[in-house]
Amino acid sequence: MLSNILRGSAMALRTTSMRTALRPSGASPALWSSLRLYSSSLNNDDIRCRVIDVVKAFDKTTASAQINADTHFAKDLGLDSLDTVELLVAIEEEFDVEIPDKVADEIKSVSQAVDYIASNPEAN
Amino acid sequence: MSSSQILSTYKQLIRSLVKSSKRSRITQMQENNKKQMALLTYKKIGLMRQQASNNAAVSKNPHSVRELHELTKKIEELKSSNPGSLKTLHFYNNSSRLRQIIFQDLSSSETALNKRLQHLRDFAGFVKNQLEFEQLVERYNPGLKMDQEEKVKRTAAKVGLQVPA
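The structure displayed is predicted, hence computed values, not measured ones.

A. Structural detail: the overall build of chain B. When its secondary structure is counted, chain B shows 5 helices and 0 strands. Counting from the amino terminus, helix and strand elements in chain B follow one another as α-α-α-α-α. A globule of 165 residues ought to have a C-alpha radius of gyration of about 15 Å, yet chain B, at 26 Å, is considerably larger. A principal-axis box enclosing the C-alpha atoms of chain B has dimensions of 85 × 50 × 20 Å. Every one of the 165 residues in chain B was classed for burial, and the buried ones make up 27%. Long-range pairs, those at least 24 residues apart, make up 75% of the contacts in chain B with a sequence separation of at least 6. As presented, chain B carries roughly 11,900 Å² of accessible surface, and 55% of it is formed by carbon and sulfur atoms.

B. A look at the interface of chain A and chain B. The interface is formed by 31 residues belonging to chain A together with 24 residues belonging to chain B. Interface area, chain A with chain B, both sides summed: about 2,700 Å², of which 61% is carbon and sulfur. Counting the contacts that link chain A with chain B gives 11 salt bridges. Among the salt bridges present, the one from E93 of chain A reaches K22 of chain B, with a minimum N-O distance of 2.7 Å. Counting the contacts that link chain A with chain B gives 9 residue pairs in polar contact (both at pLDDT 80 or more). For the side of chain A that touches chain B, the elements supplying multiple residues, two or more each, are α1 (2–22), α3 (44–57), α5 (81–95) and α6 (101–106) of chain A. Across the side of chain A that touches chain B, the residue classes tally to 15 nonpolar, 4 polar and 12 charged.

C. Just empty space enclosed by the protein, in detail. Residues and elements named next belong to chain B. In the structure shown here, the tally under the stated rule is 1 cavity of 30 Å³ or more. If you add up the space inside the largest cavity, you get close to 30 Å³. Lining the largest cavity we find I6, T9, Y10, I102, F103, L117 and L120. Looking at the lining of the largest cavity, the elements that each hand over two or more residues are α1 (2–57), α3 (95–103) and α4 (110–140). Among the residues making up the lining of the largest cavity, the classes are represented as 6 nonpolar, 1 polar and no charged.

D. Representation of the nonpolar core in the model. Counting residues in each nonpolar core, the largest one holds 27 residues, and the members touching the most others are V51, F73, L87, I91, F95 and I117 of chain A. Among the secondary structure elements, those contributing two or more residues to this core are α3, α4 (73–77), α5 and α7 (110–119) of chain A. Dropping the residues within four chain positions of it, I91 of chain A is found in contact with V51, V54, A113 and I117 of chain A. Core analysis: the second largest hydrophobic core is formed by 13 residues, V89 of chain A together with Y10, L13 and V127 of chain B among them.

Scoring rules and cut-offs
Starting from 1, residues in each chain are numbered consecutively following that chain's sequence as written. Whichever chain is written first is A, and whichever ligand is written first is 1; the rest continue in order. Per-residue local features are limited, in this predicted model, to residues with pLDDT of at least 70; the limit for side-chain atom pairs, both in listing and counting, is 80 or more; totals at the level of whole chains, interfaces and linings are taken over all residues. To obtain the side-chain values, all non-hydrogen atoms of the structure were included, while hydrogens and water were left out. A run of H or I in DSSP counts as a helix once it spans at least four residues, and a run of E counts as a strand once it spans at least two, with each numbered from the N terminus. Here the radius of gyration uses the C-alpha set of atoms, whereas the globule reference equals 2.2 Å times the residue count to the power 0.38. Three labels apply to residues, based on accessible area from a 1.4 Å probe with only protein chains included: buried if under 20% of the type maximum, exposed if over 50%, partly exposed otherwise in between. What makes two residues a contact is simply this: any of their non-hydrogen atoms within 4.5 Å. Exposure was quantified through the Shrake-Rupley algorithm and a 1.4 Å probe, taking into account, for residues, occlusion by the shown protein chains and nothing else. Once two parts are put together, the accessible area they lose, assessed with a 1.4 Å probe and summed over both, is termed the buried area. Within this document, salt bridges are pairs made up of a side-chain nitrogen of Lys or Arg and a carboxyl oxygen of Asp or Glu, the two lying within 4 Å of each other. Polar contact is defined as a pair of N or O atoms within 3.5 Å, subject to the rule that within protein one atom must be able to donate a hydrogen and the other to accept it, and that residues adjacent in sequence are counted only when both atoms are side-chain atoms. By the convention adopted, Pro, Cys, Tyr, Trp, Phe, Met, Ile, Leu, Val and Ala count as nonpolar, Lys, Arg, Asp and Glu as charged, and the other residues, Gly among them, as polar. The rule is simple: put a 1 Å grid over the protein atoms alone, call a set of points where a 1.4 Å probe fits but cannot get out a cavity, call an open set with protein on both sides within 12 Å along at least five of seven lines a pocket, and count a residue as lining if it has an atom within 4 Å of a point. Grid points are joined across faces, edges and corners, and a volume is the space filled by probe spheres set on the points. As used in this record, nonpolar core signifies buried Ala, Val, Leu, Ile, Met, Phe, Trp, Tyr and Cys residues forming a set joined through side-chain atoms within 4.5 Å.

What follows is the structure, given as structure tokens:
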């Protein structure tokens, strides 16, 4: 009983803190929060831009590499499996979701990541 | 089989480390920004003083005017920057060292490997729960992270007084 309550509050705490931390700059807070109650306000271009930004911020990617929607993590960026895992965790953090291991194994390029995020209703 | 296990363990570890280090990194960056801003403001004031004293004698030096302008711009930039939105925060910045520690002398025997993986999973769990614990402690004790000024203000407000501005 008690542990249940604690767990519940911990979950609530985590989601709220994540939400405030990850709110993208630009949209006004009030507008953003009211939007996010009804639907995920993400469109594909938006997601793509953010994923690409995350990939660019990764210091193990080759700096000169041009990153676009078709970029393949291993082939184009020269990432090994551990690097890919780090990148996927970063993408998870960016969109405040947790990608299950089975799905994550299949994500090998920017476009696949974008597709997954777009299909996930909890992403924001 | 074991490689996918290693990957998923590594993922748990990275995930927990990124989450737990994020907040402290954000505060650190904010502190740094503040320091930088104070420094720049100090420089700016010094420059302005110099200009004021020079002004009487010589006409305005275009070089110092430009410098002043640049300083103002930099301060504005720092003021508007938001460290929380940086994408680099999503990465654990010391992962090569971490990998070195984890994967050195990785033995090939099944039991030893399983033991090592279990240890890493425990570690990831510990980091994650520690973060949750800290957040809860903070939430239940709001005064914990308040600075002195805020505390005084709130204490005064409790008895219907206001701290003079």
